[in-house]
Amino acid sequence: MRQHATHLEFVGRVDHQVKVRGFRIELGEIETQLNAHPAVREAVVQVRSDGPTGDRLVGYAVPADTAPTSTTPTGTTPTDTELARALREFLAKRLPAYMVPAGFVFLDRLPRTPNGKIDRGRLPSAERLTVVSGNRVGPRDETEEEVLRIWAGLLDLPAEEIGVHDNFFELGGDSLLAGRMAHILGERFRVRVPVREVFTEATPARFAALIAEGRQKQLGADEESRRIQSFLDEVDDTQLDRLLHAYASVTRESLDHSQEEEK
């Protein structure tokens, strides 16, 4: 709030507190941890709504010159993916999961106002977002290819950048998107995909395997139903009546026996 002679002007929060998917987040807290990484010269965090996934945290960082990460030796410059992975792992040890940025945009310098302050309004969109992806292994069958396509739509990423062994959460997913993903996969493949599996091994390869297992169980159930129906089609009404009568007698005897044991 800024006071003038005749009115008050609301200029927004000065502490950069935001709300993302139900969580109140202090951006400065994330920035403090991010700037503490030796591979970062300076960094800020911003909420972006550029893609269909809705609001998400994006880190903007200027890499330090030839600063090592845990996987690169001193004197070498890590790739954007290596640096993104190092920053996510670094932040994950110090902050709750909902405060870890979905990805990072690496810049030569941060935009600044004429008085030298960081100009958040001039930060670029997340089109250049770098997310954490391992050594990419492409889809090996139609199921994995379809899972990758669904993930790409949810995470707002090109499908060709996602490998079958990549982790949903390391690519920028969260628990809300995970629930949507399990629902979409279940609807698409007509199988039940337990949400708990998302938090066990959240990779396209794992979900393709779960879908295959679900289909196999469904085929078994369908085959059993066909055998029962085929048997019923072959017996006449008199035989069926005898079978039902015999079943009822056996069930009644079993129930009477159980009641006698209880006495």
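Just so it is clear, the structure is predicted and the values come from calculations on it, not from any experiment.

What counts, and at which threshold
Residues numbered from 1 in each chain as written. Predicted model: local features only at pLDDT ≥ 70, side-chain atom pairs only at ≥ 80, totals over all residues. Heavy atoms only, no water. Helix = DSSP H or I, 4+ residues; strand = E, 2+ residues; numbered from the N terminus. Contact = heavy atoms within 4.5 Å. Buried < 20%, exposed > 50% of the residue type's maximum accessible area, 1.4 Å probe, protein only. Arc of directions from axis to C-beta. Pairing = 2+ DSSP bridges. Axes fitted to C-alpha atoms, helices over the stretch in contact; angles between N-to-C directions.

A. Local environment of the side chain of Glu144. Assignment of secondary structure puts Glu144 in helix 3 (residues 142–155). In this view, Glu144 contacts Gly138, Pro139, Val164, Ala205 and Ala208; residues no more than four positions away in its chain are not counted.

B. Summary view of helix 1 (residues 27–35). All of the buried residues along helix 1 are Leu27, Ile30, Glu31 and Leu34. Within helix 1, the buried residues cover an arc of 100 degrees as seen down the axis, which keeps them to one side. Contacts from the buried residues of helix 1 go to strand 3 (17–20), strand 4 (23–26), strand 5 (40–48), strand 6 (56–63), helix 2 (80–92) and strand 7 (103–106).

C. View of the sheet that holds strand 7. On the basis of which strands lie adjacent, the open sheet formed by three strands has the order 5-6-7 and mixed pairing. If you trace the sheet from one side to the other, it starts and ends with strand 5 and strand 7, each paired once. For this sheet, the mean inter-axis angle between neighbouring strands, taken without regard to orientation, is 30 degrees. In the sheet, strand 6 pairs with strand 7 via four bridges, with the strands oriented parallel. Bridging across to strand 7, Ala61 finds its partner in Phe106. Docked against the sheet, helix 1 engages strand 5, strand 6 and strand 7, running at close to 150 degrees with respect to strand 5.

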